[in-house]
Amino acid sequence: MPEQPAPRDEVDDLVDAWARELPTLALEPVAVFSRIHRLARHLDLARREAFSTHGIESWEFDVLAALRRAGAPYELSPGRLLRETLVTSGTMTNRVDRLATRGLVERSPDPADRRGVIVRLTPAGREAVDGAFAALLEAEAALLADLSPAEQATLADLLRSLLAPYA
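Everything in this summary refers to the structure shown in the same document. Since we're looking at a predicted model, the values are computed, not measured.

Calculation rules
- Residues numbered from 1 in each chain as written.
- Predicted model: local features only at pLDDT ≥ 70, side-chain atom pairs only at ≥ 80, totals over all residues.
- Heavy atoms only, no water.
- Helix = DSSP H or I, 4+ residues; strand = E, 2+ residues; numbered from the N terminus.
- Rg over C-alpha atoms; globule rule 2.2 N^0.38 Å.
- Contact = heavy atoms within 4.5 Å.
- Areas by Shrake-Rupley, 256 points an atom, 1.4 Å probe, with all protein chains shown as cover.
- Lys, Arg positive; Asp, Glu negative; His and termini not counted.
- Charge placed at Lys NZ, Arg CZ, Asp CG, Glu CD.
- Core = buried A, V, L, I, M, F, W, Y, C linked by side-chain atoms within 4.5 Å.
- Buried < 20%, exposed > 50% of the residue type's maximum accessible area, 1.4 Å probe, protein only.
- Axes fitted to C-alpha atoms, helices over the stretch in contact; angles between N-to-C directions.
- Parallel < 35°, antiparallel > 145°, perpendicular 65-115°, else oblique.
- 1 Å grid on protein atoms, 1.4 Å probe; cavity = no way out; pocket = protein on both sides within 12 Å on 5 of 7 lines; lining within 4 Å.
- Points joined across faces, edges and corners; volume = space filled by probe spheres on them.
- Nonpolar A, V, L, I, M, F, W, Y, C, P; charged D, E, K, R; others polar.

### Focus on the overall build of the chain
Check the secondary structure of the chain and you find 7 helices and 3 strands. Helices and strands appear in the chain in the N-to-C order α-α-α-β-α-α-β-β-α-α. The C-alpha atoms of the chain give 21 Å as radius of gyration, which overshoots the globular expectation for 167 residues (15 Å, by more than 25%). Each principal axis of the C-alpha atoms in the chain carries an extent, and together these give about 65 × 35 × 25 Å. Considering only contacts in the chain between residues 6 or more positions apart, those separated by 24 or more positions represent 47%. Within the structure as shown, the chain displays about 11600 Å² of accessible surface, and the carbon and sulfur contribution to it stands at 58%. Here the chain carries 20 positive and 26 negative side-chain charges, and the mean point of each set is 9 Å from the other.

Here is the structure:
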């Protein structure tokens with residue numbers, strides 16, 4: 001059975017229009033990055049929905065997930081949280097304050113540094129991040145549902161190659 005051609009999408013129309021108007025330009029980047037950009041919008045909406053059903057926002061998920069990935073006892077220094085979430089010190093202080101007010105994290109003195117603190121995930125924070133992550137995985141799986149496992153692996157490999165220079 002011959003392989004079915006890929007279905008057309010709005011990016012095909014966009015590329016066709018540019019090719020008609022500027023036929024001397026190589027439009028392969030537009031075909032790739034316009035699709036990545038559109039997919040990112042769908043992913044952002046899926047993330048917001050997954051997180052909101054568990055009572056957290058995207059920025060809260062980022063901090064809580066960094067603590068959860070750290071493993072038991074689910075704690076990190078503020079400096080390590082900065083590196084994990086790529087935000088400024090002032091932003092992180094504000095975020096930890098807000099999460100602590102909600103009972104999702106707690107601060108304690110750093111036993112290795114009297115001047116430092118440790119940020120620890122509370123049981124409520126762990127429940128929120130675990131639920132949000134499970135919902136996110138479900139939403140992301142739905143976005144990938146039309147690809148076979150082999151195609152998903154190929155796509156992951158190709159995207160890794162694109163991102164490697166920026167790591």
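### Here we look at the nonpolar core
If you look at the biggest cluster of nonpolar residues, it comprises 24 residues, and the most contacted ones within it are Ile56, Phe61, Leu64, Leu67 and Leu81. Contributions of two or more residues to this core are made by α2 (28–52), α3 (58–69), α5 (89–101), β3 (113–121) and α6 (123–143). Among the elements that take part in this core, α3 stands out by supplying 7 residues, more than any other. With residues up to four places along the chain from it excluded, the contact list for Leu81 reads Val63, Ala66, Leu67, Leu76, Met92, Val96 and Val119.

### Some words on the packing of α2 against α3
For the pair α2 and α3, the least separation of the axes is 9 Å and the interaxial angle reads 75 degrees. Taken as axis vectors, α2 and α3 run roughly perpendicular relative to one another. Here α2 contributes Arg47, Arg48 and Phe51 to the contact with α3, which in turn contributes Ser58, Phe61 and Asp62.

### Structural notes on the layout of surface pockets
Over the atoms rolls a probe the size of a water molecule, and in doing so it shows where empty space is left. By volume, the largest pocket is sized at about 1200 Å³. In terms of lining, the largest pocket is formed by 27 residues, of which the most central are Arg35, Leu39, Leu143, Leu147 and Leu155. Of all elements in the fold, only α1 (10–21), α2, α6 and α7 (149–163) reach the threshold of two or more residues within the lining of the largest pocket. Looking at the lining of the largest pocket element by element, the count peaks at 9 residues for α2. Across the lining of the largest pocket, the residue classes break down as 16 nonpolar, 2 polar and 9 charged. In this structure, the second largest pocket spans a volume of roughly 200 Å³. The wall of the second largest pocket is formed by Ala156, Leu159, Arg160 and Leu163. The class makeup of the residues in the lining of the second largest pocket is 3 nonpolar, no polar and 1 charged.

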